[in-house]
Amino acid sequence: MTTLVQKIDAVLYRRGFALADARKLMRNQILLAACGSALVCLATGFSPWGLSFAAGTLIITMNFWWLSKAAQELVKVQNGAVFTLLTLFYGRLVLTGVAIAALVAWLGASVFGLLAGLSTVVVNATLWGVLQIRHKVPATGNGKEA
Amino acid sequence: MRKSLLMTLAMVLVASAAYASDAPAAAGAAVGPVAAWATAIGMAVAAGLCGLGQGMGLKAACEGTARNPEAGGKLTVTLILGLAFIESLAIYALVVNLILLFVKPLGA
């Protein structure tokens, strides 16, 4: 497991994820998406729900990848950053819309499976935030310090 | 300018509802055009407001990094989290709108 994490980290570093925390966030998303998709597909016997979940995780992971890479670059830019961000946002939204429309309208994907898959990034970000807060808050003592 | 835009929007909405009520197939047929308009307006509002939120977040992060470059790393991660949440909202709105358009939970 450690080797796998190190390999993913190395690939992410080579792909432009220079910040350690951003790299960890992306790595967690990749692991969550891959493990979640594998588990759900196996648990549901590769049913349409499971495959829709996998498709949702794939779409949102790619979205998150581009978002993270863009955000790391855009923070350093002082002029025209917002315009670039908005252009990238709408571009991503259009591509995501086309992919989801194709899945829902033509391939008959399960909407709830797709939504569950798309929610993995929210789960990842929430877990990250909760863990950060837990690391910041000092452990409660036995009350004798007071 | 704003008044004319609001008038145009109101006329378009009223016209679509009126055309829908003229259809002989009664309630079921009226849902179609209304759902299409709801989808268009819902996606426009969601995309616009999410774009506004992302822009404001990035603006604040840029200002923070410019004032305190040492905090740039933490600000970037917080920015990524914020942008991810906002983008998720836009994608949820997109999925709901696509459900309205293609799955048609309100009827044909």
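Bear in mind that the values here come from a model prediction, so they are computed numbers and not experimental data.

Draft legend 1. Looking closely at the overall build of chain B. Looking only at helices and strands, one finds 3 helices and 0 strands in chain B. Ordered by position from N to C terminus, the α and β elements of chain B give α-α-α. Counting over 108 residues, chain B shows a buried share of 24%.

Draft legend 2. Layout of the overall build of chain A. Each helix and strand counted, chain A has 6 helices and 0 strands in total. When the elements of chain A are put in sequence order from the N terminus, they spell out α-α-α-α-α-α. Scaling as 2.2 N^0.38, a compact globule of 146 residues should have a C-alpha radius of gyration of about 15 Å, whereas chain A reaches 18 Å, well beyond that.

Draft legend 3. Representation of the interface of chain B and chain A. Opposite the 31 residues of chain B that make contact, chain A presents 35 residues. Mapped by element, the contributors of at least two residues to the side of chain B that touches chain A are α2 (26-67) and α3 (72-103) of chain B. Sorting elements by how many residues they give to the side of chain B that touches chain A places α3(B) first, with 21 residues. Taken together, the residues of the side of chain B that touches chain A sort by class into 21 nonpolar, 8 polar and 2 charged.

Draft legend 4. Highlighting α3(B). For α3(B), with 32 residues, the first-to-last C-alpha span of 44 Å sits near the 46 Å given by 1.5 Å per residue. Two residues or fewer past α3(B), B:Lys104 is found with a positive phi of approximately 55°.

Draft legend 5. The nonpolar core, seen in detail. B:Ile80 and B:Val95 are the most contacted members of the largest nonpolar core, which has 52 residues in total. In this structure, B:Val95 is in contact with A:Ile100, A:Val111, A:Leu114, A:Leu115 and A:Leu118, ignoring residues within four places of it in sequence.

Draft legend 6. The arrangement of unusual backbone geometry in detail. Notably, A:Phe46 is not glycine yet its phi reads approximately 50°, a positive angle. In this fold, A:Phe46 is placed in the loop between α2 (20-43) and α3 (48-74).

Draft legend 7. Fine view of the confidence of the model for chain A. On average, residues of chain A score 87 in pLDDT, and 92% of them reach the 70 mark or higher. Looking over chain A, one finds the lowest element-wise mean pLDDT in helix α6 (residues 120-136) of chain A, namely 88, and the highest in α2(A), namely 93.

Draft legend 8. Region of the structure containing the environment of B:Leu83. Tracing the sequence through the fold places B:Leu83 in helix α3. When the 25 C-beta atoms within 10 Å are taken as the criterion, B:Leu83 is described as buried. Between the C-alpha atom of B:Leu83 and that of B:Phe102, which follows or precedes it by 19 residues, the distance is 28 Å. Look past the residues within four positions of B:Leu83 in its chain and what remains in contact with it is A:Leu67, A:Ala71, B:Gln54 and B:Gly57.

About the cut-offs
- Residues numbered from 1 in each chain as written.
- Chains lettered and ligands numbered in written order.
- Predicted model: local features only at pLDDT ≥ 70, side-chain atom pairs only at ≥ 80, totals over all residues.
- Helix = DSSP H or I, 4+ residues; strand = E, 2+ residues; numbered from the N terminus.
- Buried ≥ 20, exposed ≤ 12 C-beta atoms within 10 Å, placed from the backbone.
- Rg over C-alpha atoms; globule rule 2.2 N^0.38 Å.
- Contact = placed C-beta atoms within 7 Å.
- Nonpolar A, V, L, I, M, F, W, Y, C, P; charged D, E, K, R; others polar.
- Expected span 1.5 Å × (residues − 1).
- Core = buried A, V, L, I, M, F, W, Y, C linked by C-beta atoms within 7 Å.
- pLDDT = per-residue confidence, 0-100.

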